[in-house]
Amino acid sequence: MKLKNLEMALEKLNTFERPRADLEQYQTPAPVAARLLYHALMQGDLEDRSILDLGCGTGVLTCGAAMMGAVSVTGIDIDARAIQVAEANARRCGISATFITGDVSDQTLPLDGPFDTVIMNPPFGAQKKHADRPFIDRALLAGKVVYGIFNQGSLPFIQSYIEGRATIESVVAAAFPIKKTFSFHKERIREIPVEIVLLRRIEA
Ligand SMILES: C[S@@+](CC[C@H](N)C(=O)[O-])C[C@H]1O[C@@H](n2cnc3c(N)ncnc32)[C@H](O)[C@@H]1O
């Protein structure tokens, strides 16, 4: 599937019905999701690979990964209502995925080790400081490589946070348009500069 076609397919997916600001429920924009997935495809980290989408929300990345030939895709989100939207989106795309309602910090969830690739658009920590940290921690336990979307300017933090656990392999800049969703949004639309960061776990 070409990048443009993937983007068009992802544009059609339903979004959060009643998004929660405290969970930073912003659907990953189709162009950003397609960019991340294509990057993973080109690196050999998507096709025929087992994929985990942390904080899958409405399932944009989950559905896209399955469409691009992942052998299995699992999505996890703390919000059961978001998971319902993701399940409906998966049916709409005709893809098969496993969805789990749970907290990425929950150590009892059977997520560690078995995945080739983790994809994620974690909360940036705008509402709850350090909300992205449990995502990075879980991602590095769950998969060998991680493709994550982070606020531009987060690299020095990521670099020090993953020290000894992973290395940064590449960084791709993108624009993340956020439409007016919550009462504290003043503009109709605002473009947030983000970076798609590829982390590779250091194997012991
Ligand atoms: C920026 S959104 C990701 C959106 C998703 N990629 C999509 O396209 O709909 C962040 C997601 O992380 C979820 N989330 C926040 N904290 C979480 C946690 N501790 N464990 C699991 N999911 C969490 C939110 O519910 C939200 O769906």
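Structure: see above.
Keep in mind that what you see is a predicted model, and the values were worked out from it rather than measured. (Residues numbered from 1 in each chain as written. Predicted model: local features only at pLDDT ≥ 70, side-chain atom pairs only at ≥ 80, totals over all residues. Heavy atoms only, no water.)

K.L.:
Go over the site of the ligand with me, naming the residues and quoting the values.
P.N.:
Around the ligand lies a shell of 20 residues, among which Gln25, Thr28, Thr58, Asp77 and Val104 are the nearest. Threonine 28 has a polar side-chain atom sitting 2.8 Å from a nitrogen atom of the ligand. One of the side-chain nitrogen or oxygen atoms of threonine 58 is found 2.6 Å away from an oxygen atom of the ligand. Burial of the ligand by the protein chains amounts to 95% of its free accessible area of 600 Å². The cavity that encloses the ligand is the largest pocket. When its residues are assigned to classes, the shell around the ligand shows 9 nonpolar, 8 polar and 3 charged. (Near = heavy atom within 4 Å. Polar contact = N/O pair within 3.5 Å; in protein donor to acceptor, adjacent residues only side chain to side chain. Areas by Shrake-Rupley, 256 points an atom, 1.4 Å probe, with all protein chains shown as cover. 1 Å grid on protein atoms, 1.4 Å probe; cavity = no way out; pocket = protein on both sides within 12 Å on 5 of 7 lines; lining within 4 Å. Sits in = over half its atoms within 2 Å of the grid points. Nonpolar A, V, L, I, M, F, W, Y, C, P; charged D, E, K, R; others polar.)

K.L.:
Help me get a handle on empty space enclosed by the protein, residues and values and all.
P.N.:
One pass over the full model with this rule turns up 1 cavity of 30 Å³ or more. Together, Phe16, Glu17, Arg18, Pro19, Gln25, Asp79, Arg81, Ala82 and Val85 line the largest cavity. The class makeup of the residues in the lining of the largest cavity is 4 nonpolar, 1 polar and 4 charged. (Points joined across faces, edges and corners; volume = space filled by probe spheres on them.)

K.L.:
Any chance you could break down the environment of alanine 33 for me, citing the residues and the numbers?
P.N.:
For alanine 33, the location among the structural elements is in helix 2 (residues 30-42). Taking the C-alpha atoms as reference points, alanine 33 and alanine 97, 64 residues apart in sequence, are found 17 Å from one another. Setting aside anything within four residues of it in sequence, one finds alanine 33 in contact with Leu10, Thr28, Val60 and Leu61. (Helix = DSSP H or I, 4+ residues; strand = E, 2+ residues; numbered from the N terminus. Contact = heavy atoms within 4.5 Å.)

K.L.:
Give a description of the sheet that holds strand 5 (residues 143-151) that names residues and reports values.
P.N.:
Across the sheet, 7 strands lie side by side as 3-2-1-4-5-7-6; this open sheet has mixed pairing. With one partner strand each, in any of the chains shown, strand 3 (98-101) and strand 6 (166-179) form the two edges of the open sheet. Averaged over all adjacent pairs, the angle separating strand axes in this sheet is 20°, with direction ignored. Against the sheet, helix 3 (residues 60-67) contacts strand 1 (50-54), strand 2 (72-77), strand 3 and strand 4 (115-120), and its axis sits at roughly 180° relative to strand 2. Taken strand by strand, helix 4 (residues 80-93) contacts strand 2 and strand 3, and its axis lies near 170° from that of strand 3. (Pairing = 2+ DSSP bridges. Axes fitted to C-alpha atoms, helices over the stretch in contact; angles between N-to-C directions.)

K.L.:
Any chance you could break down the layout of surface pockets for me, citing the residues and the numbers?
P.N.:
Considering only enclosed or pocket space, the largest pocket measures out at about 900 Å³ in volume. Every residue lining the largest pocket is counted, 42 residues in all, and those nearest its centre are Leu23, Glu24, Gln25, Pro123 and Phe124. Elements that contribute at least two residues to the lining of the largest pocket include exactly helix 3, helix 5 (133-142), strand 6 and strand 7 (189-201). For the lining of the largest pocket, a count of residues per class yields 20 nonpolar, 11 polar and 11 charged. In this structure, the second largest pocket encloses a volume near 420 Å³. Lining the second largest pocket are 20 residues, and of these Thr15, Gln27, Pro29, Pro177 and Lys179 lie nearest its centre. Elements with a minimum of two residues in the lining of the second largest pocket: helix 1 (3-11), helix 2 and strand 6.

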